[in-house]
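Okay, here's what each chain looks like letter by letter:
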Amino acid sequence: MKALLRNTKWKVFVILFVSVWLQTDLVFAQKIRVITTIPDLADMTKQIGKDLVDVESLAKGVEFMHAVPVKPSFVPKLNRADLLLLIGLDLEISWLPPLFEVSSNPRILPGQSGYIDCSVRINVLEPPTRIDRTEGDIHPKGNPHYNLDPVNGKIIAETIAAALSRNFPQHQETFQKNLKAYLAELDRWIPRWQEMATPLKGVKFVPYHLEWSYFAKRYGLEQIGTVEVKPGIEPTPNHLVGLVQRMKEEKAQLIIYGPQSDRFPRQLASQTGAKPLKLPDMVGGEPEADTYIKMIDYNIRTMLGAVKGG
Amino acid sequence: MGSLVRKSRLVSGCVVLSYVFLLPRTGLTQESATDTLRRQVTEMQEQLKKALERIDQLEKEKSATSGKIDQLESAAAARIGQVEQSVRGVQGAPSLFNPAIGMVIDATAEHRGKAGGNFNFRAGEIGLSASIDPFARAYAFVNGNNDGVEVEEAAALTTALPWNLTAKGGRFFADFGRLPKYHQDALPFVNFPLAIERMIGGESQADGAELYYLFPTPFFLRATLGGMNKIGAENERVDNTKSRSWSQFTYMGRLSSYFDLTDNHSIELGSSLAYTPSVRISGDPSGSDRILSGVDMTFRYQPLASTLYQGLVWGSELFTNSERFPFDDGAKRRRGYGGYSYAELKLNKNWSTGFLFDYAPMVDNPSQRTLGYSPFLTWQISEFNRLRFQYSHLSNNFKADKAENGNQFFLQWTTVMGVDIHGFQIR
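Residues numbered from 1 in each chain as written. Chains lettered and ligands numbered in written order. Predicted model: local features only at pLDDT ≥ 70, side-chain atom pairs only at ≥ 80, totals over all residues.

1. Structural notes on the overall build of chain A
At step 1: On a plain count of helices and strands, chain A comes out with eleven helices and eight strands.
At step 2: In terms of principal-axis extent, the alpha carbons of chain A reach across some 95 × 40 × 35 Å.
At step 3: The buried share of chain A, taken over its 310 residues, is 47%. (Helix = DSSP H or I, 4+ residues; strand = E, 2+ residues; numbered from the N terminus. Buried ≥ 20, exposed ≤ 12 C-beta atoms within 10 Å, placed from the backbone.)

2. Quick notes on the overall build of chain B
At step 1: Looking only at helices and strands, chain B has two helices and 16 strands in total.
At step 2: Within the span of chain B, comprising 427 residues, buried residues form 28% of the whole.
At step 3: When contacts within chain B are restricted to residue pairs at least 6 apart in sequence, long-range pairs at least 24 apart make up 52% of them. (Contact = placed C-beta atoms within 7 Å.)

3. Regarding the interface of chain A and chain B
At step 1: The interface of chain A with chain B comprises 38 residues on the first partner and 38 residues on the second.
At step 2: Of all elements in the fold, only helix H4 (74–80), helix H5 (96–103) and helix H6 (150–167) of chain A reach the threshold of two or more residues within the side of chain A that touches chain B.
At step 3: The element best represented in the side of chain A that touches chain B is H5 of chain A, accounting for four residues.
At step 4: In the side of chain A that touches chain B, the residues fall into 20 nonpolar, seven polar and eleven charged. (Nonpolar A, V, L, I, M, F, W, Y, C, P; charged D, E, K, R; others polar.)

4. Some thoughts on H5 of chain A
At step 1: Of all the residues in H5 of chain A, the buried ones are Leu96, Leu99, Phe100, Val102 and Ser103 of chain A.
At step 2: Buried residues along H5 of chain A sit against H4 and strand S3 (83–86) of chain A together with strand S6 (205–214) of chain B.
At step 3: Positive phi shows up at Ser104 of chain A, right after H5 of chain A, with a value of about 50 degrees.

5. Some details on the sheet that holds S3 of chain A
Residues and elements named next belong to chain A.
At step 1: Reading across the sheet, the four strands line up as S2-S1-S3-S4 and stay open at both edges, with parallel pairing between neighbours. Sheet topology places strand S2 (53–57) and strand S4 (115–117) at the edges, where each strand pairs with a single neighbour. The mean angle between the axes of side-by-side strands here comes to 20 degrees, regardless of whether they run parallel or antiparallel.
At step 2: Alignment of strand S1 (residues 32–36) against S3, held across three bridges, turns out to be parallel. Counterpart to Val34 in the pairing with S3 is Leu83.
At step 3: Across the sheet, helix H3 (residues 39–49) lies against S1, S2 and S3, angled at about 170 degrees from S2, the strand it touches most. (Pairing = 2+ DSSP bridges. Axes fitted to C-alpha atoms, helices over the stretch in contact; angles between N-to-C directions.)

6. Observations regarding the nonpolar core
One broad rule of soluble globular proteins: the nonpolar side chains tend to lie buried together.
At step 1: Membership of the largest hydrophobic core comes to 89 residues, with the highest contact counts inside it found for Ile48, Leu84, Leu85, Ala157, Ile160, Leu254 and Ile256 of chain A.
At step 2: With near-sequence residues (within four places) excluded, Leu85 of chain A lies in contact with Val34, Thr36, Leu41, Thr45, Ile116, Cys118 and Ile160 of chain A.
At step 3: Ala206, Leu292, Phe376 and Ile421 of chain B belong to the second-largest nonpolar core, a separate cluster that totals 35 residues. (Core = buried A, V, L, I, M, F, W, Y, C linked by C-beta atoms within 7 Å.)

7. Quick notes on the confidence of the model for chain A
At step 1: Summarising the model, chain A shows a mean pLDDT of 90, and 90% of its residues fall at 70 or more.
At step 2: Mean pLDDT values over the elements of chain A span from 48, in helix H2 (residues 24–27) of chain A, up to 97, in H3 of chain A. (pLDDT = per-residue confidence, 0-100.)

8. Observations concerning the environment of Met252 of chain B
All names here are of chain B.
At step 1: The topology assignment puts Met252 in strand S8 (residues 250–260).
At step 2: Met252 gets classed as buried once you count the C-beta atoms within 10 Å, which come to 24.
At step 3: C-alpha separation for the pair Met252 and Leu187, spaced 65 residues apart in sequence, amounts to 23 Å.
At step 4: Met252 has contacts with Ala174, Phe176, Gly226, Ile231, Ser272, Leu273 and Ala274, leaving out every residue within four places of it along the chain.

9. A word on helix H9 (residues 237–250) of chain A
At step 1: Over its 14 residues, H9 of chain A runs 20 Å from end to end, which matches the ideal 20 Å to within 8%, given 1.5 Å per residue.
At step 2: Phi for Lys251 of chain A, located one or two positions after H9 of chain A, is positive at around 60 degrees. (Expected span 1.5 Å × (residues − 1).)

10. Considerations on unusual backbone geometry
All names here are of chain B.
At step 1: The phi angle at Trp163 is positive, at roughly 55 degrees, despite the residue not being glycine.
At step 2: When you line up the elements, Trp163 lands in the loop between strand S4 (148–158) and strand S5 (165–173).
At step 3: With a phi angle near 60 degrees, Asn164 is a residue other than glycine that sits in the positive phi range.
At step 4: Following the sequence through the fold, Asn164 ends up in the loop between S4 and S5.

11. Concerning the environment of Gln184 of chain B
All names here are of chain B.
At step 1: With respect to the secondary-structure elements, Gln184 resides in the loop between S5 and helix H2 (194–199).
At step 2: Exposure remark for Gln184: the 21 C-beta atoms within 10 Å place this residue in the buried category.
At step 3: Expressed as a C-alpha distance, the spacing of Gln184 and Gly202, which sit 18 residues apart in the sequence, is 8.9 Å.
At step 4: Ignoring anything within four residues of it in the chain, the contact list for Gln184 reads Asp106, Arg122, Ala123, Phe192 and Glu203.

12. What to know about the pairing of strand S10 (residues 290–301) of chain B
Each regular strand carries side chains that alternate between the two faces of the sheet.
Residues and elements named next belong to chain B.
At step 1: Pairing of strand S9 (residues 265–276) with S10 involves twelve bridges; the strand directions are antiparallel. Of the residues in S10, the one forming a bridge with Ala274 is Leu292.
At step 2: Of the pairings in the sheet, the one linking S10 to strand S11 (residues 311–327) comprises eleven bridges and is antiparallel in character. Note on S11: the bridge partner recorded for Phe299 is Trp314.

13. Some points on the sheet that holds strand S7 (residues 254–257) of chain A
At step 1: Strand order across the open sheet formed by four strands is S6-S5-S7-S8 (chain A), with parallel pairing between neighbours. What marks the edges here is a single partner per strand, and that holds for strand S6 (222–223) and strand S8 (275–278) of chain A.

14. Topic: the domain arrangement of chain A
Residues and elements named next belong to chain A.
At step 1: Each domain of chain A was delimited in the assignment, giving domain 1 (30–121 + 130–193) and domain 2 (198–278).
At step 2: Listed per partner, the contact involves 14 residues of domain 1 and twelve residues of domain 2.
At step 3: Partitioning the side of domain 1 that touches domain 2 into residue classes produces six nonpolar, four polar and four charged. (Domains from an automatic or database assignment.)

15. Details of the packing of H3 of chain A against H6 of chain A
All names here are of chain A.
At step 1: One way to put it is that H3 packs onto H6 with a least axis distance of 10 Å and a crossing angle of 55 degrees. By the angle class used here, H3 and H6 are oblique. The interaxial crossing formed by H3 with H6 has right-handed handedness. Packed against H3, whose contacting residues are Leu41, Met44, Thr45, Ile48 and Gly49, the element H6 presents Ile156, Ala157, Ile160, Ala161 and Leu164 at the interface.
At step 2: Partitioned by chemical class, the residues of the contact of H3 with H6 number eight nonpolar, two polar and no charged. (Parallel < 35°, antiparallel > 145°, perpendicular 65-115°, else oblique. Left-handed = near helix turned anticlockwise from the far one by under 90°.)

16. Observations regarding the packing of helix H7 (residues 172–196) of chain A against helix H11 (residues 292–308) of chain A
Residues and elements named next belong to chain A.
At step 1: Two elements in contact, H7 and H11, have axes whose closest approach is 11 Å; the angle formed by their N-to-C orientations is 10 degrees. Considering their axes alone, H7 and H11 lie roughly parallel with respect to each other. Residues Glu185, Trp189, Trp193 and Met196 of H7 touch H11, and the partners they reach there are Ile293, Ile296, Ile300 and Leu304.
At step 2: For the contact of H7 with H11, the residue count by class is seven nonpolar, no polar and one charged.

The structure is reproduced here in structure tokens:
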């Protein structure tokens, strides 16, 4: 009987221990788990959520955001997420939907409260007039690279704060306070950037991919073509010949590329005299650009350096 | 004279008086002017101070106003964005309830040794995928080729089960191994490895149900349990249309895991087992069991900063099959081992090359085997358009079919119309 009792005690102990271990989340205060598709959204979420959130980005800043590898290691992260923040406008179309199939987390599926599309309040540029694959890998809802315009950064921050507040109203006051502080910081930088970027007005440039449209509109740069034939389609010899001619005629000063190969930018540079410039399109794309504000600042300063340097 | 003197005295008195009175007044007047000047300076200073304060105030008001203008601009832009999204939503409304649709066309020009050449239309495969309701989604692949039209997959799966569970039912490619659940057009080379063709029966097609469980671990670990009529699109052991004892069904399990070794390197491991308690093969009335098992390993090098241009995939699978086959007057258990290993190197954004080694036994006589060596070169013209050239040399230790012997050449052209809905399982 004593042995049985001992066994029973042990069983109870083991069951309790395992239960507690499995439910650690309930025993200890749990941070809000936020997964973002790109690091820009993660940085802003940190600024707004501070200690209340545990945030991680699936894509790293150095990656090409349209073609992030579908890694199974993303699955447990998505499985445990309270919120999923994405750029939207089909930016993540090639790699996010397959992950939904296996993440077993209905909270973050499209249409649910934990699925936060940060593009909802953005004034979208370049909606295609023709939706056809002859136009390359176009985004039917418009250009998704709105994160490169800092004024859109304010809208993104507001969207994130609203999503956090909506899902976790008990912390609304904190989120709004942090948002106010972050917006104030952006408001200090935005006029400064606008003034700094004055020499960029009218500068003609060629991006590798159509990702600098929002930035160009904000600071008055003129885009006169792209290295790619169409979005996602590598340049053909004919396209390059035409582009070189146009760049010479228009006196293009910059060729901007990111995670793409520098082969074609350098080739174009040698033929036109324009400067090839590798710039981050996401936070973390360069070591100095490890926050959203630093990334915008880095991009403007680097462009200015290239333009002023002749 | 006296009056003159008096007048003089009076004038003098007045002068003196005036002097007495006026002189100090002059002194006082001089002091008062200084004060006035001082006062005026002070007043001017105050006015200047006020003016500067006013300028500061105006500047503050101006910056506040410009901030407000920025805010108004942002709000207006956001509102325009919302309206535009609504408009796009309304414009897209007629197709909102249509499933995502894609069609894969896969054809080869091929020469198979002594069997000769052929233009082989391998797939005109229509894929559909859509949510059913908040609790389920479904997908289907219907393939038409030289053998006719077949529903390759048509399955529904849950999206909202608790405890990390997902259930799937219908016809689907069973979660057995890695490449067996690929559609042929999605393979990294032209044909299924012979080991998969012979031991599984091509694609792991199954009519049945599967249950997946995602372990709550920090790394990816998933278990699958399933019950089905059979596994293998070309597995002829069981007729899908006939009812039979539950002992003649196939029950399978799989455990798969994945680890990021570094940001750029990863390894994926899997182990599968399919058990059929009683297989009825003509000539063997005993109806003994069949055990098909497999292990798979995939190593990937995907440098994050240049995923578009560089990469290496090394994938291998090993299968074992154990079952009884008719032998002389009775039946004998045969155990066969087979598998493949391949590596594919990405040369740049559009080009990749690789090599496939294949070892495939005949399941009813494992001592008869085929060795395959297949270098291949892929030109990914765009995401949805691909050309591939493959040379294969097949070597048999028995008299094999002409089409599975000697030197073979393939030129494959694969295109995708619409949406590619193959999803996670062929990532």
